[in-house]
Amino acid sequence: MSENAITRRSFLAGSAGVAAVAAAGFTGFGAWQQAHADEEAGTGRTDAVHTLCNACSSKCGYTAYVVDGKLTKLIGDENNPNAEGHLCARGYGYSQIAYSKDRLTDPLKKNAQGKFEAITWDQAYAEIGEKVKAIIAENGPEAIGLVQDPRPSGSYYCNRFIAALGSPNTYTHGAACNLSKASGITQAIGTGDWVSDVANSQMTMFIGRSYCDGIRPSQVAALERAHENGAYIVMVDPRCNNSTVFADEWVPITPGTDLALVLAMSNVLIKNHLYDAEFVAANSVGFDDWAVAIEGCTPAWAEQLTGIPANTIESLAARFAEAAPAASIEPSWRGAYGCAYANSGETARAVALFNTLLGCWNQPGGALLTSGISAGKLDDPRFAAPPKVEAKKLGSEEYPLASASMGSAVYAGEMAKTGALKGMFFYYSNMAVGYSNPAYLADALSNLELMVVCDVQMSETAMLADYVLPETSYLERSELPEFGGGRVPYVALRSQVLDVIHPNTRSCDQIFTELAEACGVGEYFQFTQDELAEAQLNTVGLTLEGLRQVGTVQFPDKAFVYGKQPTFNTPAKKVQFTSEACAKAGLSPCPVWIEPQDPVGEGEYRLVGGKQAIMTHTQTANVPELMNIAEEYGLMRPWISVADAEALGIKDNDEIVVENDLHSGTSKVRVTERISPGVVYLPSHYGCTSPEQHTAYGKGLRIMDYVPFHIEPAYGSTMSQNTTVRIKKVGA
Ligand SMILES: Nc1nc2c(c(=O)[nH]1)N[C@H]1C(S)=C(S)[C@@H](COP(=O)(O)OP(=O)(O)OC[C@H]3O[C@@H](n4cnc5c(=O)[nH]c(N)nc54)[C@H](O)[C@@H]3O)O[C@H]1N2
Ligand SMILES: Nc1nc2c(c(=O)[nH]1)N[C@H]1C(S)=C(S)[C@@H](COP(=O)(O)OP(=O)(O)OC[C@H]3O[C@@H](n4cnc5c(=O)[nH]c(N)nc54)[C@H](O)[C@@H]3O)O[C@H]1N2
Ligand code: SF4
Ligand SMILES: [Mo]
């Protein structure tokens, strides 16, 4: 174990996070569910409806029990591959959003004094429609843009609406999540992700990815199985995260230097001929160039950058070689290289190439290139796509490696500032405080002639809008089927569980159909959501009613098969150790070291973020049931190391100032051995500044306040951790 490692016993005893999760039901599902059922059991009519959780993008399937019209119990569906019979604490807690006192209940318009007034839907549509038409008449459709979180109905209706208007400018939250990861990996292997076969592996390394904090229940279960099976699990993280409970080694690393670690481990494999030369020769291009390019990336070189002892790097590489091909680096999600640094995309590319050296693609225990299932072509002319938009998405030339389907929403923010975008829609997105510097974005978005936000509560983004459109909560609406990938492809359905609580709220499909009508493109929306869902499902042999009955249907005949020759959908049709697109975008043809961030000055600390098991992004902090847990366990506190605390005269729970040139705020602090010296960790869910969110408002610090507005070259991400902070005790 590395020097900073702690024993499993002390880890458990010292971990408020684990305690909180246990308290909220993550470990004792059966008991919790039973207790809850007994407590809440009504005497009247009980309905059981299969639906999908909406508290994060995993969309776990569950059965909702409704007694006398009130939600009483949720049980994760066994047949849903993300849930595997379990939900996480957020799944339970966030269901209360339906009953939130802070729900938006009517369409709102900002008046001349900057105050919101309730208006009718008809007025909202008419005014928005008129404004959209005027912007298009004057500037062309490319002056309209939209940002949305990819949920099944949201994606379909939002993208279709913008395409119908003739604009290419749709963006997801990717630039603040996994844009660099997916885009970098794509340069190497032609697809943006893989599934590490953690449970069956002999060794899996996690780089800035914590299944037990950034939860998906099936992944937590897989990690637990891996641990029980004796797999060697390595957590590379400046923080001893909660997944370390299942790990054999915690490798603390200087934030942003993961690329150096991966290059050095690759260097060891190549130099010592420990890589799968046969696989590499048959399945890749450019290997020799990369081998030369990283000749100097020795463990000793990497030690200087990462802070990981050279012999630890050597032994990690050697262990990998021994465990291969039942070994891989897990693809990760956001933490280290989703969108964090100037080298994030290149780190992702290097990780995919490292796995190639292991020859682990599609091998049991290795890295699996699974495929999904999607709806087939729909014959009905009502569903025909709007005419193809010829114009290029704003940002696609400036950030040519950014995944085309995600785009760079931060660049779109910049385009609002320059005036290239004049009208923007936000569906299910709190971009203003989640995607880059909030002060900068507020200023940029204030330039828009039209800003429309569709949400369920008054988000900070909604506060900036001209019009706010209230959606029903996810429990009060149905959506299009979710077509999912993984080891066994599946189709799952979000069905309406509760009657609409606030009569003047509407669902996404209705809102965008009516908006389209108002903007003069209603011809592309001449169908109901159910008709479209039925048609989509029929293409894979299902019916809407059939799927509703069971919630999730898996397709075992399309399941992943071990040993299948991997297909690499790159221009070379092989793994690309060198990429022409990267070279054209101004990067090295093969991944080499890039400094992650601006230099760290005297008295400055690197700032990292990270998920907590009971919260999702900015959307859950206003749920009292979840905020209570955060307050009870002091989860909002930033973490600093014992060594740094001693040097600064700070004690656990002292009030400290966290500041940099952009922002200053105070908070109680958590002093812990579980973080590397020189690093401050801020949990990423707090610091709400919307007074209409009565539970979350003003609690905790908001990480994005400390992050400058800047964009990762070539890849277009927000560089969410290219920043530093200073800390001191209040009054010091
Ligand atoms: N509870 C919860 N679960 C979620 C979500 C949520 O909001 N809450 N959101 C879902 C979504 S959309 C996502 S993208 C995933 C995110 O899932 P993850 O990517 O796992 O999320 P994070 O917690 O941001 O980062 C993981 C770890 O990276 C570490 N880290 C930070 N900087 C660095 C670095 O430079 N190098 C290394 N090696 N490690 C670093 C952090 O300390 C943290 O422990 O979670 C999903 N699941
Ligand atoms: N501060 C901060 N910034 C982050 C992150 C973080 O943890 N903290 N995480 C990063 C990551 S990994 C990601 S994926 C992105 C996520 O970015 P977003 O997808 O923007 O996620 P949220 O910040 O949770 O904001 C979601 C918004 O949708 C609203 N909403 C919730 N339910 C509904 C609904 O049913 N209908 C509608 N119309 N709206 C709804 C919520 O009230 C909230 O305002 O953020 C990134 N940026
Ligand atoms: S992981 Fe948790 S929050 Fe996310 S969908 Fe599943 S139950 Fe809901
Ligand atoms: Mo994310």
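Described below are features of the structure shown in this document. What you see is a predicted model; the values in this text were computed from it and never measured.

### A closer look at the overall build of the protein
In terms of helices and strands, the protein carries 24 helices and 28 strands. For 732 residues, the compact-globule estimate of 2.2 N^0.38 gives 27 Å, and the protein sits close to it at 25 Å. Considering only C-alpha atoms, the protein reaches an extent of 70 × 60 × 55 Å along its principal axes. With 732 residues in all, the protein has 61% of them scored as buried. Across the protein, every contact between residues at least 6 apart in sequence was considered, and the portion connecting residues at least 24 apart equals 75%. Accessible area of the protein: about 26,700 Å², with a carbon and sulfur share of 50%. Averaging the positions of the 54 positive and the 81 negative side-chain charges in the protein gives two centres separated by 1 Å.

### Here we look at the site of ligand 3
Contacts to ligand 3 come from 13 residues, most closely from Cys53, Cys56, Lys59, Cys60 and Cys88. Of all the cavities here, the one that holds ligand 3 is the second largest cavity. Tallied by class, the residues present in the shell around ligand 3 amount to eight nonpolar, two polar and three charged.

### Some details on helix α23 (residues 624-632)
Helical periodicity: at 3.6 residues per turn, an α-helix aligns residues three or four positions apart in one direction. Taken residue by residue, α23 has Leu626, Met627, Ile629 and Ala630 as its buried positions. Down the axis of α23, the sector holding all buried residues measures 155 degrees, keeping them to one side. At the exit of α23 stands glycine 634, carrying a positive phi of roughly 60 degrees.

### Overview of unusual backbone geometry
Alanine 324 connects to proline 325 through a cis peptide bond whose omega is 5 degrees. For proline 325, the position within the fold is in the loop between α13 (310-323) and β13 (327-329). Backbone geometry at histidine 273 places phi at a positive 50 degrees, although glycine is not the residue there. In this fold, histidine 273 is placed in the loop between α9 (258-271) and α10 (277-283).

### Focus: the pattern of salt bridges
Applying the stated criterion across every chain, the model contains 24 salt bridges. Close ionic contact of arginine 487 with aspartate 197 constitutes a salt bridge, the shortest N to O distance being 2.8 Å. Here aspartate 197 lies in the loop between β8 (195-196) and β9 (203-207) and arginine 487 lies in the loop between β18 (482-484) and β19 (490-492), a separation of 290 residues in the sequence. Judged by its relative accessible area of 33%, arginine 487 falls in the partly exposed class. For aspartate 197, a relative accessible area of 2% translates into the label buried. Of the charged contacts, one joins glutamate 479 and arginine 477 as a salt bridge, the two residues approaching to 3.0 Å between their closest N and O atoms. Ionic contacts of the salt-bridge type, sharing partners, join the residues Glu471, Arg477, Glu479 and Arg494 into one network.

### Brief notes about empty space enclosed by the protein
Applying the stated criterion to the full structure yields three cavities of 30 Å³ or more. Here the second largest cavity defines a volume of roughly 80 Å³. If you trace the second largest cavity, you find it lined by Cys53, Ala55, Cys56, Ser58, Lys59, Cys60, Cys88, Arg90, Gly91, Ile215 and Pro217. Taken together, the residues of the lining of the second largest cavity sort by class into seven nonpolar, two polar and two charged.

### Overview of the sheet that holds β18
Spatial ordering of the open sheet is given by β18-β19-β20, a layout of three strands whose pairing is antiparallel. Single-partner strands in this sheet number two, and they are β18 and β20 (552-554). With strand direction ignored, the average angle separating the axes of adjacent strands in the sheet is 15 degrees.

### Considering the site of ligand 1
In the vicinity of ligand 1, 35 residues are found, and the nearest of them are Arg209, Asp237, Asp258, Lys611 and Met615. In this structure, aspartate 258 approaches ligand 1 through a side-chain N or O atom, which is 2.7 Å from a nitrogen atom. Within the backbone of methionine 615, a nitrogen or oxygen atom sits 2.6 Å from a nitrogen atom of ligand 1. Considering every element that reaches the shell around ligand 1, the biggest residue donor is strand β22 (residues 605-610), with three residues. Counted by class, the shell around ligand 1 contains 13 nonpolar, 14 polar and eight charged residues.

### What to know about the pairing of strand β25 (residues 664-668)
What you see with β25 is a clean split: Gly665 and Ser667 sit on the buried side and Ser664, Thr666 and Lys668 on the side with no burial. Taking the residues that link successive antiparallel strands as the turn, the strand β24 (residues 655-659)-β25 hairpin has four residues.

### Brief notes about the sheet that holds strand β3 (residues 70-76)
Ordered by their spatial adjacency, three strands build an open sheet running β1-β2-β3, and the pairing between neighbours is antiparallel. Pairing within the sheet leaves two strands with one partner each, and these edge strands are β1 (46-52) and β3. Across the sheet, the mean angle separating the axes of adjacent strands is 25 degrees when strand polarity is ignored. Where β1 lies against strand β2 (residues 61-67), seven bridges are found, and the strand directions are antiparallel. Within β2, the position partnered with aspartate 47 by the bridge is valine 66.

### Overview of the environment of arginine 334
Inspection of the secondary structure puts arginine 334 in the loop between β13 and α14 (344-358). Spatially, the C-alpha atom of arginine 334 lies 9.4 Å from that of glycine 214, the residues being 120 residues apart in sequence. What arginine 334 contacts, discounting residues up to four positions off in sequence, is Ala176, Cys177, Cys339, Lys611 and Ser720. Side-chain polar atoms of arginine 334 contact the backbone oxygen of alanine 176, separated by 2.7 Å.

### Describing the nonpolar core
Residues Ile189, Met205 and Met265 are the most contacted members of the largest nonpolar core, which totals 58 residues. The greatest single-element share of this core, amounting to ten residues, is contributed by α9. The residues contacting methionine 205, other than those within four sequence positions of it, are Val234, Val236, Leu261, Met265, Leu316, Phe320, Ser328, Ile329 and Glu330. One finds Trp121, Phe161, Phe383 and Val540 within the second-largest nonpolar core, a separate group that totals 49 residues.

### Let's talk about the packing of α9 against α13
The geometry of α9 relative to α13 is characterised by a closest axis approach of 9 Å and an angle of 60 degrees between their N-to-C directions. The angle between α9 and α13 falls in the class oblique. The two elements α9 and α13 cross, and the hand of that crossing is right-handed. Counted together, Leu261, Ala264, Met265, Val268 and Leu269 of α9 and Ile313, Glu314, Leu316, Ala317, Phe320 and Ala321 of α13 form the full contact between these two elements. Here the residues of the contact of α9 with α13 sort into ten nonpolar, no polar and one charged.

### Remarks on the packing of aromatic side chains
The description of an aromatic ring pair rests on the distance of the ring centres and on the angle between the ring planes. Following the criterion strictly, the structure yields 24 aromatic pairs and no others. Measuring from centroid to centroid gives 4.9 Å for tyrosine 275 and phenylalanine 287, while their planes differ by 35 degrees, and the two rings are tilted. Of this pair, tyrosine 275 sits in the loop between α9 and α10 while phenylalanine 287 sits in helix α11 (residues 287-293), and the two are twelve residues apart along the sequence. Aromatic side chains phenylalanine 560 and tyrosine 562 sit 5.7 Å apart centroid to centroid with 90 degrees between the ring planes, which places their arrangement in the edge-to-face category. Taking relative accessible area as the criterion, phenylalanine 560 reaches 13% and is therefore assigned buried. Above the face of the phenylalanine 525 ring, arginine 160 is positioned so that its terminal group lies 5.7 Å from the ring centre.

What counts and what doesn't
- Residues numbered from 1 in each chain as written.
- Chains lettered and ligands numbered in written order.
- Predicted model: local features only at pLDDT ≥ 70, side-chain atom pairs only at ≥ 80, totals over all residues.
- Heavy atoms only, no water.
- Helix = DSSP H or I, 4+ residues; strand = E, 2+ residues; numbered from the N terminus.
- Rg over C-alpha atoms; globule rule 2.2 N^0.38 Å.
- Buried < 20%, exposed > 50% of the residue type's maximum accessible area, 1.4 Å probe, protein only.
- Contact = heavy atoms within 4.5 Å.
- Areas by Shrake-Rupley, 256 points an atom, 1.4 Å probe, with all protein chains shown as cover.
- Lys, Arg positive; Asp, Glu negative; His and termini not counted.
- Charge placed at Lys NZ, Arg CZ, Asp CG, Glu CD.
- Near = heavy atom within 4 Å.
- 1 Å grid on protein atoms, 1.4 Å probe; cavity = no way out; pocket = protein on both sides within 12 Å on 5 of 7 lines; lining within 4 Å.
- Sits in = over half its atoms within 2 Å of the grid points.
- Nonpolar A, V, L, I, M, F, W, Y, C, P; charged D, E, K, R; others polar.
- Arc of directions from axis to C-beta.
- Salt bridge = Lys/Arg side-chain N within 4 Å of Asp/Glu carboxyl O.
- Points joined across faces, edges and corners; volume = space filled by probe spheres on them.
- Pairing = 2+ DSSP bridges.
- Axes fitted to C-alpha atoms, helices over the stretch in contact; angles between N-to-C directions.
- Polar contact = N/O pair within 3.5 Å; in protein donor to acceptor, adjacent residues only side chain to side chain.
- Core = buried A, V, L, I, M, F, W, Y, C linked by side-chain atoms within 4.5 Å.
- Parallel < 35°, antiparallel > 145°, perpendicular 65-115°, else oblique.
- Left-handed = near helix turned anticlockwise from the far one by under 90°.
- Phe/Tyr/Trp six-rings, centres within 6.5 Å; stacked < 30°, edge-to-face > 60°.
- Lys NZ or Arg CZ within 6 Å of the ring centre and 35° of its normal.

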